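Reading the structure
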Amino acid sequence: GHEFVHLERLGDVVIRTECHALAHALEVGLAGAEIGDLREHNVEEAAGLGVPFVTAWAGLENSGVGKDCRLLVVGAAGGVGSAAVTLARWLGADVTGAVRKPGQLAAIEASGARSLLLPEGSSLEEATRAQLGQGYDVVFDASGERLAESIVLLAPFGRSVVIVRYGDGKVNVPIRDLYRRGAS
C-alpha cells in the first residue's frame, strides 16, 4: 500500500502498527537502539524488539511526561529504562537516568540525559540530593525496586511509574508521604 513508499527494495524489513503514537515511539526508539539487522533475529526475537519501547511509552504517556518535565528514570540501562530515556528526551523532558554500574553512565550521557550512579544498596535520596532541587515531576522506576524510596523525591503533585517488581510483587509504600505531596 501507499504507507510503504519508503521501502527501497523487495525484502526490506517492516515494522507496522495501527497506533499513531506507538508508531512514533517505535520509530524514535528503534532508530536509537542498536538492534542490528532484523533479519539476524528469528521471528520471535524480532517481534519482541519493540516491547520495551511500547512499555516505556505507556508509562510516559500515562504519567504526563512532556516538554520540560523533570524525570528520573531508575534502571535506565535496562531495556524499558533506556527506552524511557530515549523517548522522554524526544518528548522534550529534562531527564536523569540512574544506573547501578559506572560503565553504564556513558550510554546515558550519550543520549543527552544526565546520569546518576546508583550502586546496589545505596540510598536513592542521597544519590539524587545534588540534582534534586524542587523534586522530580515523575519518577519512572523500570527496576521495580525503588518505589518506596522514590516517593520522597517527587515534586508536589508528582507522579510515580513502576514497571515491575521482582519476587512476590509486593512493596511497602509510604502512603503518608505520597498524600502530603499530592502525588500519584
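Just so it is clear, the model here is predicted, and its values are computed rather than measured.

With that out of the way, let us pick up the overall build of the protein chain. Counting secondary structure elements, the protein chain contains eight helices and five strands. Starting at the N terminus, the α and β elements of the protein chain follow one another as α-α-α-β-α-β-α-β-α-β-α-β-α. Every one of the 184 residues in the protein chain was classed for burial, and the buried ones make up 36%. Sequence separation of at least 24 residues holds for 54% of the intrachain contacts in the protein chain that already meet a minimum separation of 6. Accessible surface computed for the protein chain: about 10600 Å², of which carbon and sulfur atoms make up 53%.

Glancing now at the sheet that holds strand E1 (residues 70–74). Two modes of strand pairing occur in sheets, parallel and antiparallel, and in both the strands are linked by backbone hydrogen bonds. Ordered in space as E3-E2-E1-E4-E5, the five strands form an open sheet in which the pairing is parallel. Of all strands in the sheet, those bounded by a partner on one side alone are strand E3 (114–117) and strand E5 (154–162). Strand-to-strand twist in this sheet, taken as the mean axis angle between neighbours without regard to direction, amounts to 20°. Here E1 runs beside strand E2 (residues 94–99); their pairing, made up of five bridges, is parallel. Counted as the bridge partner of Val74 is Ala98 from E2. Relative to the sheet, helix H4 (residues 79–91) contacts E1, E2 and strand E4 (136–141), its axis offset from that of E1 by approximately 165°.

Right, let's get into the nonpolar core. If you look at the biggest cluster of nonpolar residues, it comprises 25 residues, and the most contacted ones within it are Val65, Leu71, Val73, Val95 and Phe140. Elements with a minimum of two residues in this core: helix H3 (51–62), E1, H4, E2, helix H5 (105–110) and E4. Of the residues forming this core, the biggest block, six residues, is contributed by H4. Once residues lying within four places of it in the same chain are set aside, the contact partners of Val95 are Leu71, Val73, Val85, Ala88, Arg89, Ala113 and Arg114. Core analysis: the next-biggest nonpolar cluster, separate from the first, contains 14 residues, Leu72, Tyr136, Leu147 and Ile151 among them.

Tallied over the entire structure, the rule returns one aromatic pair. A centroid spacing of 5.9 Å and a plane angle of 45° characterise the contact between Trp57 and Trp90, whose relative ring orientation is tilted. Of the two residues, Trp57 is situated in helix H3 and Trp90 in helix H4; the sequence distance between them amounts to 33 residues. The class of Trp90 is partly exposed, set by a relative accessible area of 41%.

The subject of this paragraph is the pairing of E3. As paired elements, E2 and E3 share four bridges and run parallel to each other. By the bridge assignment for E3, Val99 is matched with Leu117. Between the parallel elements E2 and E3, the chain passes through H5 in a crossover that is right-handed.

Here we come to the environment of Gly112. As for its position among the elements, Gly112 is in the loop between H5 and E3. For Gly112 and Gly97, which are 15 residues apart along the polypeptide, the C-alpha to C-alpha distance reads 10.0 Å.

Calculation rules
- Residues numbered from 1 in each chain as written.
- Predicted model: local features only at pLDDT ≥ 70, side-chain atom pairs only at ≥ 80, totals over all residues.
- Heavy atoms only, no water.
- Helix = DSSP H or I, 4+ residues; strand = E, 2+ residues; numbered from the N terminus.
- Buried < 20%, exposed > 50% of the residue type's maximum accessible area, 1.4 Å probe, protein only.
- Contact = heavy atoms within 4.5 Å.
- Areas by Shrake-Rupley, 256 points an atom, 1.4 Å probe, with all protein chains shown as cover.
- Pairing = 2+ DSSP bridges.
- Axes fitted to C-alpha atoms, helices over the stretch in contact; angles between N-to-C directions.
- Core = buried A, V, L, I, M, F, W, Y, C linked by side-chain atoms within 4.5 Å.
- Phe/Tyr/Trp six-rings, centres within 6.5 Å; stacked < 30°, edge-to-face > 60°.
- Right-handed = clockwise from strand over helix to strand, strands pointing away.

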